[in-house]
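Spelled out, the chains give:
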Amino acid sequence: MPLVRIAVMAGKPASHRAAVGDAVHRAMVETLNVPAKDRFQILGELAQGDLVYDPSYLDIPRTDGLVMVQITLNAGRTVEMKKAFYAKAAEYIHAAAGVRKEDVLISLVEVTKENWSFGNGIAQYA
Amino acid sequence: MPLVRIAVMAGKPASHRAAVGDAVHRAMVETLNVPAKDRFQILGELAQGDLVYDPSYLDIPRTDGLVMVQITLNAGRTVEMKKAFYAKAAEYIHAAAGVRKEDVLISLVEVTKENWSFGNGIAQYA
Amino acid sequence: MPLVRIAVMAGKPASHRAAVGDAVHRAMVETLNVPAKDRFQILGELAQGDLVYDPSYLDIPRTDGLVMVQITLNAGRTVEMKKAFYAKAAEYIHAAAGVRKEDVLISLVEVTKENWSFGNGIAQYA
């Protein structure tokens, strides 16, 4: 696992969220050494008012097309790998789901490898 | 970003959640050196049964008016700053949304500055 | 607090999620030194398509009965304690809610003790 949580504004079909999820996963596989089958995601939509964002923080113009991505993953990726991931994720989300790159927000939360169980009550990475 | 997730029990209007979100943000700006425009929040309500809390842990009486706040933010705030934040958050949430201070629960998750992208596929803080 | 987030696929009654939550809490109390009254959980169900999982990563066969558990808790538990927790959680979730052990996924996020307020605007653990 990384465990990926993705939130978008309500009003688009489930296929939109799925396309965003596909794009995020592809970017992780290509830049963060995530195995192709290591895919676990929680997708969801939020009513207007429940997905709150600043429309210009850091001089980036944002719209209701916003995609909020939060990923829990093992520590150990370098800053360069993270930068490559952000770039690819924005590129792929834009290409696959028509989201403006300005509207792609990403947050990473790092944990240690013994902090996961992938099933059967076992710490597979420990 | 901090990325703020706020959950309350279902049954109140969206304006209630918005008022809680405003109060949390104001407290972060005043005590944690968060820029005023650095506001990103995911708000939501949960059916009874899906928001589970102990009604007296640590001898604090809690009710269904509970507000659960979880904030992902950069590491580096001192214990004193965090204490000031908790106090202001409870005060402002109470004042703005009529929530009992006993019902304000807060969890912080700290990350490093290269763990954010605010748009455009760039790690703006790295 | 630990703060526990549990997600399952939609289609089962709320009592299913509650049984899973009970089982996770019991396992935490028995293996992670969590006080019995220290129980705070956010439960929810997701539409098919919004709970994404690989059906065979690490050669573990998974089904739509999947239970995704993410727990924010204080750092300090040993690897052995975490392993004991995973085993008990899978066992109890299986026994209480009929979930296959293969379908129990767990993610831990560790924080420091000053990162919590349990009410009243105070950092009770700091």
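Note: the structure precedes this text.
Presented here is an overview of the structure given in this document. Every value quoted in this text rests on a predicted model; they were computed, and no experiment measured them.

## Let's talk about the interface of chain B and chain A
Then, in step 1: With 29 residues of chain B in contact, the opposing surface of chain A contributes 31 residues.
Then, in step 2: The junction of chain B with chain A conceals about 2600 Å² of combined surface from both sides, 57% of it contributed by carbon and sulfur atoms.
Then, in step 3: Contact with chain A buries surface across chain B, with Lys 37, Asn 115 and Asn 120 of chain B losing the most and accounting together for 22% of the total.
Then, in step 4: Across the contact surface, chain B and chain A share two salt bridges.
Then, in step 5: One salt bridge in this structure joins Arg 17 of chain B and Asp 50 of chain A, with 2.9 Å as the shortest N-O distance.
Then, in step 6: At the surface where chain B touches chain A, the tally comes to 18 residue pairs in polar contact (both at pLDDT 80 or more).
Then, in step 7: Breaking the side of chain B that touches chain A down by element, the ones donating at least two residues are strand 1 (3-9), strand 2 (40-46), strand 5 (104-111) and strand 6 (116-117) of chain B.

## Some remarks on the relation of the copies chain C and chain A
Then, in step 1: Relative to chain A, chain C is turned by 120° and slid 0.0 Å along the rotation axis, the superposed coordinates differing by an RMSD of 0.0 Å. Such values leave the two copies arranged in the relation of a three-fold axis. Minimal C-alpha separation from the rotation axis in chain C is found for Val 109 of chain C, amounting to 4.7 Å.
Then, in step 2: Here only 6% of the contact residues of chain C are again contact residues in chain A; the copies associate through non-equivalent surfaces.

## Description of empty space enclosed by the protein
To locate leftover empty space, one rolls a probe as large as a water molecule over the atoms.
Then, in step 1: Summed over the entire model, instances satisfying the criterion amount to one cavity of 30 Å³ or more.
Then, in step 2: Estimated volume of the largest cavity: approximately 190 Å³.
Then, in step 3: As for the largest cavity, its lining consists of 14 residues, and the residues nearest its centre are Arg 5, Gln 70 and Thr 72 of chain A, Gln 70 of chain B together with Gln 70 of chain C.
Then, in step 4: Going through the elements one at a time, strand 1 (3-9) and strand 4 (67-74) of chain A, strand 1 and strand 4 (67-74) of chain B together with strand 4 (67-74) of chain C are the ones with two or more residues in the lining of the largest cavity.
Then, in step 5: The residue makeup of the lining of the largest cavity, split by class, is five nonpolar, six polar and three charged.

## Some points on the relation of the copies chain B and chain A
Then, in step 1: For the pair chain B and chain A, the relating rotation is 120°, the translation along its axis is 0.0 Å, and the fit reaches an RMSD of 0.0 Å.
Then, in step 2: Looking at the interface residues of chain B, only 7% of them are also at the interface in chain A, so each copy uses its own face.

## Describing the layout of surface pockets
Then, in step 1: Considered as a void within the structure, the largest pocket measures approximately 990 Å³ in volume.
Then, in step 2: Taken together, 36 residues line the largest pocket, and the ones lying closest to its centre are Ile 42 and Leu 46 of chain A, Ile 42 and Leu 46 of chain B together with Leu 46 of chain C.
Then, in step 3: Of the residues contributing to the lining of the largest pocket, the split by class is 21 nonpolar, four polar and 11 charged.

## Some thoughts on the sheet that holds strand 4 of chain C
Then, in step 1: Across the sheet, which stays open at both edges, the six strands sit in the order 6(A)-5(C)-4(C)-1(C)-2(C)-3(B) with mixed pairing between neighbours. Edge strands, defined here as strands with exactly one partner in the open sheet, are strand 6 (116-117) of chain A together with strand 3 (51-53) of chain B.
Then, in step 2: Examined bridge by bridge, strand 4 of chain C and strand 5 (residues 104-111) of chain C share eight bridges and lie parallel to one another. Within strand 5 of chain C, the residue paired with Thr 72 of chain C across the bridge is Val 109 of chain C.
Then, in step 3: Running over the sheet, helix 1 (residues 14-31) of chain C touches strand 1 (3-9), strand 2 (40-46) and strand 4 of chain C and is turned about 140° from strand 1 of chain C.
Then, in step 4: Set on the sheet, helix 2 (residues 79-97) of chain C makes contact with strand 6 of chain A together with strand 4 and strand 5 of chain C; between it and strand 5 of chain C the angle comes to about 140°.

## Describing the packing of helix 1 (residues 14-31) of chain A against helix 2 (residues 79-97) of chain A
All names here are of chain A.
Then, in step 1: Two elements in contact, helix 1 and helix 2, have axes separated by 8 Å at closest approach and are oriented at 150°. Taken together, helix 1 and helix 2 sit at an angle that is classed as roughly antiparallel. Considering how the two elements wind past one another, helix 1 and helix 2 form a crossing that is right-handed. Every residue of helix 2 that contacts helix 1 at His 16, Ala 19, Val 20, Ala 23, Val 24, Arg 26, Ala 27, Met 28, Glu 30 and Thr 31 is listed here: Met 81, Ala 84, Phe 85, Lys 88, Ala 89, Tyr 92, Ile 93, Ala 96 and Ala 97.
Then, in step 2: Residue composition of the contact of helix 1 with helix 2, grouped by class: 14 nonpolar, two polar and three charged.

## Description of the interface of chain C and chain A
Then, in step 1: Listed as interface residues are 31 residues of chain C and, on the opposing side, 29 residues of chain A.
Then, in step 2: Across the interface of chain C and chain A, roughly 2600 Å² is buried in total on both sides, 57% from carbon and sulfur atoms.
Then, in step 3: Counting across the chain C and chain A interface gives two salt bridges.
Then, in step 4: For the side of chain C that touches chain A, the elements supplying multiple residues, two or more each, are strand 1, strand 3 (51-53), strand 4, helix 2 and strand 5 of chain C.
Then, in step 5: The residue inventory of the side of chain C that touches chain A, partitioned by class, reads 18 nonpolar, four polar and nine charged.

## Concerning the pairing of strand 2 of chain C
Then, in step 1: Burial analysis of strand 2 of chain C places five of its seven residues in the buried class, which makes it a mostly covered element.
Then, in step 2: Inspection of the sheet shows strand 3 of chain B paired to strand 2 of chain C by three bridges, in the antiparallel sense. Paired with Tyr 53 of chain B across the two strands is Phe 40 of chain C, which belongs to strand 2 of chain C.
Then, in step 3: Two strands pair when backbone bridges link them, and strand 1 of chain C and strand 2 of chain C are joined in this way by seven bridges, in the parallel orientation. The residue of strand 2 of chain C that forms the bridge with Ala 7 of chain C is Gly 44 of chain C.
Then, in step 4: Following the backbone out of strand 1 of chain C, through helix 1 of chain C and into the adjacent parallel strand 2 of chain C, one traces a crossover that is right-handed.

About the cut-offs
Residues numbered from 1 in each chain as written. Chains lettered and ligands numbered in written order. Predicted model: local features only at pLDDT ≥ 70, side-chain atom pairs only at ≥ 80, totals over all residues. Heavy atoms only, no water. Contact = heavy atoms within 4.5 Å. Buried area = accessible area lost by both parts, 1.4 Å probe. Salt bridge = Lys/Arg side-chain N within 4 Å of Asp/Glu carboxyl O. Polar contact = N/O pair within 3.5 Å; in protein donor to acceptor, adjacent residues only side chain to side chain. Helix = DSSP H or I, 4+ residues; strand = E, 2+ residues; numbered from the N terminus. Least-squares fit on C-alpha atoms with pLDDT ≥ 70 in both. 1 Å grid on protein atoms, 1.4 Å probe; cavity = no way out; pocket = protein on both sides within 12 Å on 5 of 7 lines; lining within 4 Å. Points joined across faces, edges and corners; volume = space filled by probe spheres on them. Nonpolar A, V, L, I, M, F, W, Y, C, P; charged D, E, K, R; others polar. Pairing = 2+ DSSP bridges. Axes fitted to C-alpha atoms, helices over the stretch in contact; angles between N-to-C directions. Parallel < 35°, antiparallel > 145°, perpendicular 65-115°, else oblique. Left-handed = near helix turned anticlockwise from the far one by under 90°. Buried < 20%, exposed > 50% of the residue type's maximum accessible area, 1.4 Å probe, protein only. Right-handed = clockwise from strand over helix to strand, strands pointing away.

That's the geometry; what it means functionally is another story.
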